[in-house]
Amino acid sequence: MARAITLIRSADLSDVAEYAYAATAPAEARLVFLAGSCPLNEDGSTAAVGDYAGQAAKAVENMRTALAAAGASLQDVISTRVLVASSRQEDLVTAWQVVRDAFGDHDVPSTLMGVTVLGYHDQLVEIEAVAAVLDA
């Protein structure tokens, strides 16, 4: 399947970041806007209570499910925002590494941010995403 995403890097920006600095999709692409993917089990309970990596993994799993329902995959994601309920940089990095690893070589533009609190009881991680799909 043809992909709509073009990742953009600039030689004028640091190469330290583990993601492309920008991405584009052609005008004919269908954009898919995902709600924040939360680490919720099917019964609505919070997965991996107290575990940043475990919650990030469950949020990625749920994001894959939502993308599939829209006819997309992680390879169609054009950007992400990873929210982590912590003021400790190491907690943010723990969650980020799980998300980063899930995307592999598809290193989309991303924002990682610490927040005070998230919406569900015991929730530590949430991932927002936008995808672009070229329908056949």
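Scroll up a little and you will see the structure.
Residues numbered from 1 in each chain as written. Predicted model: local features only at pLDDT ≥ 70, side-chain atom pairs only at ≥ 80, totals over all residues. Heavy atoms only, no water.

J.: Before we go on, may I ask you to explain the packing of aromatic side chains in this structure?
T.: Here a ring pair, both rings aromatic, is described through the centre-centre distance and the interplanar angle of the planes. What the rule picks out here adds up to two aromatic pairs. Aromatic side chains Tyr19 and Tyr21 sit 6.0 Å apart centroid to centroid with 70° between the ring planes, which places their arrangement in the edge-to-face category. The partly exposed category is assigned to Tyr19, whose relative accessible area is 26%. Given the relative accessible area of 35%, Tyr21 is considered partly exposed. (Phe/Tyr/Trp six-rings, centres within 6.5 Å; stacked < 30°, edge-to-face > 60°. Buried < 20%, exposed > 50% of the residue type's maximum accessible area, 1.4 Å probe, protein only.)

J.: What exactly am I supposed to notice about the sheet that holds strand β5 (residues 110–115) here?
T.: Whenever strands of a sheet pair, they do so through backbone hydrogen bonds, lying parallel or antiparallel. Pairing within the open sheet is mixed, and its four strands lie in the order β3-β6-β4-β5. For this open sheet the edge positions go to β3 (30–37) and β5, each flanked by a neighbour on one side alone. On average, adjacent strands in this sheet sit at an angle of 10° to one another, irrespective of strand direction. Note: strand β4 (residues 77–85) against β5, six bridges, orientation parallel. Each residue of the ladder has a partner; that of Ala85, found in β5, is Val115. Docked against the sheet, helix α1 (residues 52–69) engages β3, β4 and β6 (125–133), running at close to 30° with respect to β6. Running over the sheet, helix α2 (residues 89–103) touches β4, β5 and β6 and is turned about 155° from β4. (Pairing = 2+ DSSP bridges. Helix = DSSP H or I, 4+ residues; strand = E, 2+ residues; numbered from the N terminus. Axes fitted to C-alpha atoms, helices over the stretch in contact; angles between N-to-C directions. Contact = heavy atoms within 4.5 Å.)

J.: Where do I start with the pattern of salt bridges in this structure?
T.: Where charged atoms from two side chains of opposite charge approach closely, those side chains can pair. By the definition in use, this model includes six salt bridges. Among the ionic pairs, Arg30 bridges to Asp135, the shortest N-O distance being 2.8 Å. In this pair, Arg30 is assigned in strand β3 and Asp135 in the segment after β6, connecting sequence segments 105 residues apart. Under the relative-accessibility criterion, Arg30 is labelled partly exposed at 31%. For Arg81, the salt bridge goes to Glu128, with nearest N and O atoms at 2.5 Å. Of this pair, Arg81 sits in strand β4 while Glu128 is found in strand β6, placing the two residues 47 residues apart along the sequence. A relative accessible area of 37% places Arg81 in the partly exposed class. One network of salt bridges, with partners in common, ties together Arg88, Glu90 and Asp91. (Salt bridge = Lys/Arg side-chain N within 4 Å of Asp/Glu carboxyl O.)

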